[in-house]
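Below, each chain spelled out in residue letters.
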Amino acid sequence: QGRDRATSMQRSQVLRSAVSSLVTRSLRSSAAQASAASLRPPLSSAPAVWSARLPAPHPASMVQMRSFCADAPAPPSEEEHIRKIYVGNINFRARSEDLESHFAQFGDITEAKVIMDRDSPDRSRGFGFVTFSSSQSANSAVDGANQQEWMGRTLRVNITDPRPPRREYQRSEGNFY
């Protein structure tokens, strides 16, 4: 028993010294890193919120981020849905240019788009949208083109409803069983 007790005491002493040397090394390395970070010159283009431990982003990536944000479409205005009309029951061979030329008789058009099929890109899905420069032109287009025949089909034309706000994506945390 005495011999077992002695070996266990030796083991615990060896373990204590190993742990203390590891702690000492980590403290020394963190102190060295802190002093090196304090000697580092400040980055002129980096905001002050970046800590010394995080590297500053590459300038090219900052340009890409700025250009990506600039390319994002602006949110629709409050009155855009009043100037935009839905055109349904369109011929499947119709293109955006055809839609624009047909509705140009009602007023100035800012955008005309026929929604195309995802699986066969040369075929439309049978509906589209036309945005006019004024709400009066949109109302006259609804009055003049609704239930009228165009390219062999009877059109259905309405003022669009405002788009509901998009739901935020909520990331759930937990296990999925």
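This text goes with the structure placed above it.
Residues numbered from 1 in each chain as written. Predicted model: local features only at pLDDT ≥ 70, side-chain atom pairs only at ≥ 80, totals over all residues. Heavy atoms only, no water.

Section: the overall build of the protein chain
Working step 1: Helix and strand counts for the protein chain come out as five helices and six strands.
Working step 2: Taking all 177 residues of the protein chain together, 16% fall into the buried category.
Working step 3: In the protein chain, once contacts between residues fewer than 6 apart in sequence are set aside, the share between residues at least 24 apart is 59%.
Working step 4: Roughly 14600 Å² of accessible area belongs to the protein chain as shown, and the carbon and sulfur atoms make up 52% of that amount. (Helix = DSSP H or I, 4+ residues; strand = E, 2+ residues; numbered from the N terminus. Buried < 20%, exposed > 50% of the residue type's maximum accessible area, 1.4 Å probe, protein only. Contact = heavy atoms within 4.5 Å. Areas by Shrake-Rupley, 256 points an atom, 1.4 Å probe, with all protein chains shown as cover.)

A word on the sheet that holds strand S1 (residues 84–88)
Working step 1: The antiparallel open sheet is built from four strands, whose spatial order is S2-S3-S1-S6. The strands lining the two open edges of the sheet, one partner per strand, are strand S2 (109–116) and strand S6 (156–159). Across the sheet, the mean angle separating the axes of adjacent strands is 20° when strand polarity is ignored.
Working step 2: Where S1 lies against S6, four bridges are found, and the strand directions are antiparallel. Looking at S6, one finds that Tyr86 is bridged to Asn158.
Working step 3: Packed onto the sheet, helix H4 (residues 96–103) meets S1, S2, strand S3 (124–132) and S6 and runs at close to 140° relative to S2. (Pairing = 2+ DSSP bridges. Axes fitted to C-alpha atoms, helices over the stretch in contact; angles between N-to-C directions.)

A closer look at the pairing of S3
Working step 1: Sheet analysis places S1 next to S3, joined by five bridges and oriented antiparallel. When the bridges of S3 are listed, Ile85 appears paired with Val130.
Working step 2: Of the strand pairs in this sheet, S2 and S3 are connected by six bridges, and their pairing is antiparallel. Pairing of Ile109 across the sheet is with Phe132, part of S3.

What to know about the nonpolar core
Working step 1: Counting 19 residues, the largest nonpolar core has Ile85, Val87, Leu99, Phe103, Val130, Phe132 and Val157 as the members making the most contacts within it.
Working step 2: Breaking this core down by element, the ones donating at least two residues are S1, H4, S2, S3 and helix H5 (135–145).
Working step 3: For this core, the element with the most residues is H5, which contributes four residues.
Working step 4: Setting aside its immediate chain neighbours within four residues, Phe103 contacts Ile85, Val87, Ile109, Val130, Phe132, Ala141, Ala145, Leu155 and Val157. (Core = buried A, V, L, I, M, F, W, Y, C linked by side-chain atoms within 4.5 Å.)

A short note on the packing of aromatic side chains
Working step 1: This model, assessed by the stated rule, comprises four aromatic pairs.
Working step 2: Both rings, one in Tyr86 and one in Phe127, keep their centres 6.0 Å apart while their planes meet at 35°; by these two values the pair is tilted. Note that Tyr86 is positioned in strand S1 and Phe127 in strand S3, a separation of 41 residues in sequence.
Working step 3: Take Tyr86: its relative accessible area is 25%, and that puts it in the partly exposed class.
Working step 4: Pairwise contacts between aromatic rings join Tyr86, Phe127 and Phe129 into one cluster.
Working step 5: Here the basic side chain of Lys84 rests over the ring of Phe129, its NZ or CZ set 5.5 Å away from the ring centre.
Working step 6: If you follow Arg123 out to its NZ or CZ, it ends over the ring of Phe92, 4.1 Å from the centre. (Phe/Tyr/Trp six-rings, centres within 6.5 Å; stacked < 30°, edge-to-face > 60°. Lys NZ or Arg CZ within 6 Å of the ring centre and 35° of its normal.)

Looking at the environment of Asn89
Working step 1: Inspection of the secondary structure puts Asn89 in the loop between S1 and H4.
Working step 2: Residue Asn89 is classed as partly exposed on the basis of its relative accessible area of 32%.
Working step 3: Considering only alpha carbons, one finds Asn89 and Gly126, 37 residues apart in sequence, at a separation of 5.3 Å.
Working step 4: Engagement of the side chain of Asn89 in a polar contact is seen with the backbone oxygen of Thr154, the distance being 2.6 Å. (Polar contact = N/O pair within 3.5 Å; in protein donor to acceptor, adjacent residues only side chain to side chain.)

Focus: the side chain of Asn91
Working step 1: Within the fold, Asn91 resides in the loop between S1 and H4.
Working step 2: Within polar-contact distance, the side chain of Asn91 engages the backbone oxygen of Met151 at 2.8 Å.
Working step 3: Sequence-distant contacts of Asn91, that is, excluding residues within four places in its chain, are made with Ser124, Met151 and Arg153.

Everything listed here is a matter of geometry and, on its own, says nothing about what the molecule does.
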